[in-house]
Amino acid sequence: MSMVNAALVESFDEPPHFRSIPAPEAAPGQEVVDVLTVGVHPATRGIAAGKHYTSPTTLPALAGADAVVRRADGSLAYVMMLGAGTLAERIVIDPAATIPVPDGADPAVLAATMNPALSSWGALRTRVPFQAGQSILVHGATGNAGSMAVKVAKHLGAGRVIAAGRNRSRLEELTAEGADDIVALTHDQDATAAALAEAAANVDVVLDYVWGPPTELAMRAVLGARTEHTRLLDWVQIGGMGGDEITLSGHALRSNAFRILGSGFGSVDMQVMLREFTELVAAIAAGGMAVRPHPFPLEKVEQAWAHQDAPGERAVIVL
Ligand SMILES: NC(=O)c1ccc[n+]([C@@H]2O[C@H](COP(=O)([O-])OP(=O)(O)OC[C@H]3O[C@@H](n4cnc5c(N)ncnc54)[C@H](OP(=O)(O)O)[C@@H]3O)[C@@H](O)[C@H]2O)c1
């Protein structure tokens, strides 16, 4: 039997392990592809830990949620395989669900960048009626997805982008990367609320990577400071670094033209996503929007899982 190297989730309490598994075979309509790079994103870890809505229901299961692959015709493609796994030398894909990668694009950079970047691209292009010139608050801007949101918002024509986050030095860097204003999220709740109120009172969109109690504070601050109450505010829940739940007063929803919605897999039609992310891959390949890949070989998958990304970098498995 022909075998391939892979990373298997055998327990939700352990990192994936390097293993040899039977080589995949394509059913009619499918294609076997070579995997080049796989990103180790928060969602990738969450899936492997049994904590994501696409986590496998039976183990062992292939780890990995996305990949840059080489197709049978030699071309490169980006695939998202939430629930199916990507961390093997060869995997089976649905050719209709591939996103073409332009010649010359760096597979490791794409594997590091696509997941963080698509969070804001998907939100702004498919979930809210965003228009060029509008202003955006990125709540939790110092992680990879939040930092990419600053760049993506500018790329898509945002007039003013406010970056709010905890890491002061990363916030300063974001000023050089396109943020028009920064807000420090500190332990001093009054100071944080005052800074958010001053900088973001009349934003059109909030891209929220934090949620939980920090979002409760931010919502009160922004809504309480609004001077144009009927100006639509779309608050988009994208990540949950500060918690998975919030408490919200009905008054907040009645006193302003205020909508809360989420953006992620499951909230957008797959064909729409494929079209949008084809454009995003091209934008990343063109340069100027990149998360720095920190490469690990497949046999070091456990070290990759234990690795803590520095600001602006992402662990990537290179096969
Ligand atoms: N829905 C989607 O389509 C989608 C796609 C990609 C990612 N996401 C989600 O977005 C979130 C961030 O992903 P990522 O790739 O950016 O991860 P990351 O690079 O690991 O960044 C996470 C950052 O969150 C910040 N953070 C943590 N707790 C915080 C708090 N209480 N207040 C403010 N900031 C806080 C930390 O920055 P500091 O240490 O600098 O404060 C941390 O570096 C995750 O929940 C991820 O699952 C969603």
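Quick caveat: nothing in here was measured; it's all calculated off a predicted structure.

## Topic: the pairing of strand E5 (residues 66-70)
Logical step 1: Taking burial as the measure, the five residues of E5 include four buried ones, the bulk of the element.
Logical step 2: Pairing between strand E3 (residues 31-39) and E5: three bridges, direction antiparallel. Bridge pairing in E5 places Thr 37 opposite Val 68.
Logical step 3: Across five bridges, the pairing between E5 and strand E6 (residues 76-80) is antiparallel. If you follow Asp 66 over to E6, its bridge partner there is Met 80.
Logical step 4: A loop of five residues connects E5 with E6, the two strands running antiparallel in sequence, and Gly 74 in this loop sits at a positive phi of about 95°.

## Here we look at the site of the ligand
Logical step 1: As a structural note, the neighbourhood of the ligand is formed by 20 residues, with Thr 142, Ala 145, Arg 166, Ser 263 and Arg 314 the closest of them.
Logical step 2: The separation between an oxygen atom of the ligand and a polar main-chain atom of Asn 144 is 2.9 Å.
Logical step 3: Here an oxygen atom of the ligand and a side-chain polar atom of Arg 166 are 2.8 Å apart.
Logical step 4: Alone, the ligand offers 920 Å² of accessible surface; in the complex the protein occludes 79% of this.

## Regarding the side chain of His 307
Logical step 1: Mapped onto the secondary structure, His 307 falls in the loop between helix H9 (301-306) and strand E16 (313-318).
Logical step 2: According to the relative accessible area criterion, His 307 is buried, its value standing at 18%.
Logical step 3: Those residues in contact with His 307 that lie beyond four places of it in its chain are Arg 45, His 294, Phe 296, Glu 313 and Ala 315.

## Points about the domain arrangement of the protein chain
Logical step 1: Taken domain by domain, the protein chain consists of domain 1 (3-101 + 289-318) and domain 2 (119-266).
Logical step 2: Put simply, the middle of domain 1 and the middle of domain 2, counted by C-alpha atoms, are 30 Å apart.
Logical step 3: Facing the 11 residues of domain 1 at the interface are 10 residues of domain 2.
Logical step 4: Summed over both partners, the interface of domain 1 with domain 2 comes to about 860 Å²; 68% of that surface belongs to carbon and sulfur atoms.

## Some thoughts on the nonpolar core
Logical step 1: The biggest cluster of nonpolar side chains holds 53 residues, and the ones touching the most others in it are Tyr 78, Met 114, Leu 124, Ile 136, Leu 207 and Phe 277.
Logical step 2: Structurally, this core is a two-domain feature, drawing no fewer than three residues from each of domain 1 (3-101 + 289-318) and domain 2 (119-266).
Logical step 3: What Leu 124 contacts, discounting residues up to four positions off in sequence, is Phe 130, Ile 136, Ala 153, Leu 156, Val 205 and Leu 207.

## Quick look at the sheet that holds strand E13 (residues 233-237)
Logical step 1: With respect to topology, six strands assemble into an open sheet ordered E11-E10-E9-E12-E13-E14, the strand pairing being parallel. Among the strands making up the open sheet, the edge pair consists of strand E11 (181-184) and strand E14 (258-262). Geometrically, the sheet is characterised by an average inter-axis angle of 15° between neighbouring strands, direction not taken into account.
Logical step 2: Where strand E10 (residues 160-165) lies against E11, four bridges are found, and the strand directions are parallel. Paired with Ile 162 across the two strands is Asp 181, which belongs to E11.
Logical step 3: Against the sheet, helix H2 (residues 107-127) makes contact with strand E9 (135-139), strand E12 (205-208), E13 and E14, and its axis sits at roughly 145° relative to E12, the strand it touches most.
Logical step 4: Packed on one face of the sheet, helix H3 (residues 144-155) meets E9, E10 and E12 and runs near 175° to E10.

Conventions used here
Residues numbered from 1 in each chain as written. Predicted model: local features only at pLDDT ≥ 70, side-chain atom pairs only at ≥ 80, totals over all residues. Heavy atoms only, no water. Buried < 20%, exposed > 50% of the residue type's maximum accessible area, 1.4 Å probe, protein only. Helix = DSSP H or I, 4+ residues; strand = E, 2+ residues; numbered from the N terminus. Pairing = 2+ DSSP bridges. Near = heavy atom within 4 Å. Polar contact = N/O pair within 3.5 Å; in protein donor to acceptor, adjacent residues only side chain to side chain. Areas by Shrake-Rupley, 256 points an atom, 1.4 Å probe, with all protein chains shown as cover. Contact = heavy atoms within 4.5 Å. Domains from an automatic or database assignment. Buried area = accessible area lost by both parts, 1.4 Å probe. Core = buried A, V, L, I, M, F, W, Y, C linked by side-chain atoms within 4.5 Å. Axes fitted to C-alpha atoms, helices over the stretch in contact; angles between N-to-C directions.

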